[in-house]
Amino acid sequence: MTRTDDAELARLFRAAIVGDEGAYAVFLDGVAQLVRGYCRRRIVHGGVDPEDVVQEVLLAIHLKRHTWRQDEAVTPWVYAIARYKLIDAFRRRGKRIEVDISDFADTLAEPEKAEVGERDIGRALDGLAPVQRSVVASVSVEGASIGETANALGMTETAVRVALHRGLKAIARRFGQD
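As the structure is a computational prediction, the values presented were derived from the model and not from experiment.

(A) Highlighting the overall build of the chain. Assigned secondary structure in the chain consists of eight helices and zero strands. Ordered by position from the N terminus, the helices and strands of the chain form the series α-α-α-α-α-α-α-α. Taking all 178 residues of the chain together, the buried fraction comes to 30%. Partitioning the contacts of the chain with sequence separation of at least 6, the portion at a separation of at least 24 is 60%. Counting only carbon and sulfur atoms, one obtains 52% of the accessible surface of the chain, whose full area is about 12300 Å².

(B) Looking closely at helix 7 (residues 146–153). The set of residues buried in helix 7 consists of Ile146, Gly147, Thr149 and Ala150. On an axial view of helix 7, the arc spanned by its buried residues comes to 165 degrees, and they lie on one face. Opposite the buried face of helix 7, by more than 90 degrees, sit the exposed residues Asn151 and Ala152. Those residues of helix 7 that are buried are in contact with helix 6 (130–141) and helix 8 (157–174). With its phi angle positive at about 70 degrees, Gly154 sits one or two positions after the end of helix 7.

(C) Representation of the pattern of salt bridges within the structure. Overall, the coordinates contain seven salt bridges when judged by the stated rule. The closest approach of N and O atoms between Glu8 and Arg11, which form a salt bridge, is 2.6 Å. In this pair, Glu8 and Arg11 are both assigned in helix 1 (residues 3–17), three residues apart and thus about one turn of the helix distant. On the basis of relative accessible area, Arg11 is assigned to the partly exposed category, the value being 43%. In this structure, the salt-bridge partner of Arg91 is Asp88, at a minimum N-O distance of 4.0 Å. Residue Arg91 and its partner Asp88 are both found in helix 4 (residues 75–93); the two are separated by three residues, about one turn of the helix. The class of Arg91 is exposed, set by a relative accessible area of 64%. Linked by salt bridges that have partners in common, Arg36, Arg40 and Glu51 make up one network.

(D) Inspection of the packing of aromatic side chains at higher detail. Scanning the entire structure with this criterion turns up four aromatic pairs. Plain terms: the ring middles of Phe13 and Phe27 are 4.3 Å apart, the flat faces sit at 10 degrees to each other, and that makes the pair stacked. You can see Phe13 sitting in helix 1 and its partner Phe27 sitting in helix 2 (residues 21–42), a full 14 residues away along the chain. The exposure class assigned to Phe13 is buried, which follows from its relative accessible area of 0%.

(E) Looking closely at the packing of helix 6 against helix 8. The N-to-C vectors of helix 6 and helix 8 enclose an angle of 95 degrees; their axes lie 8 Å apart at closest approach. Between helix 6 and helix 8, the crossing angle belongs to the class labelled roughly perpendicular. Mapping the contact onto sequence places Val131, Gln132, Val135, Val136, Val139 and Ser140 in helix 6 and Val160, Ala163, Leu164, Arg166, Gly167, Leu168 and Ile171 in helix 8.

(F) The arrangement of the confidence of the model for the chain in detail. Scored by pLDDT, the chain has a mean of 84; 85% of the residues are at 70 or more. Per-element mean pLDDT across the chain ranges from 77 in helix 5 (residues 118–126) up to 92 in helix 7.

Rules used in this analysis
Residues numbered from 1 in each chain as written. Predicted model: local features only at pLDDT ≥ 70, side-chain atom pairs only at ≥ 80, totals over all residues. Heavy atoms only, no water. Helix = DSSP H or I, 4+ residues; strand = E, 2+ residues; numbered from the N terminus. Buried < 20%, exposed > 50% of the residue type's maximum accessible area, 1.4 Å probe, protein only. Contact = heavy atoms within 4.5 Å. Areas by Shrake-Rupley, 256 points an atom, 1.4 Å probe, with all protein chains shown as cover. Arc of directions from axis to C-beta. Salt bridge = Lys/Arg side-chain N within 4 Å of Asp/Glu carboxyl O. Phe/Tyr/Trp six-rings, centres within 6.5 Å; stacked < 30°, edge-to-face > 60°. Axes fitted to C-alpha atoms, helices over the stretch in contact; angles between N-to-C directions. Parallel < 35°, antiparallel > 145°, perpendicular 65-115°, else oblique. pLDDT = per-residue confidence, 0-100.

Take a look at the structure:
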């Protein structure tokens, strides 16, 4: 920003303070460009949207326009407001850093598929009562429905559901996953 630009912004701001709406609009456009560039240069790891900071700065300028000393340059005053609003935005964000996952998605490992062998299934079923073992094996391992299991074992559907629930709960408890 040159001295001429600063002088022009100061002239526009003085006119705005006495009521010139057109000068105020031009002043705010110029300030928005300055602040936008200022914020984009300082926000390198994301997490803070420069446009949000620009809006906060413009609002602060509007609310505190009476504090600007008209005999001084306007850009240092604007940059001071921008600096503090940017600090506030970083504080709100906290210490977390947001990174776009697409930047490193190709380096992530594919999710592993959990394969359970017959030995593992047998080990899980071994600790169950005979009725629970039959129900869990039929429904969870073989894929039979509750009704099919009830007919095959000569039980009611409610009794099959209760045995299945108790059997799965016992397996979870045995392997430490309550």
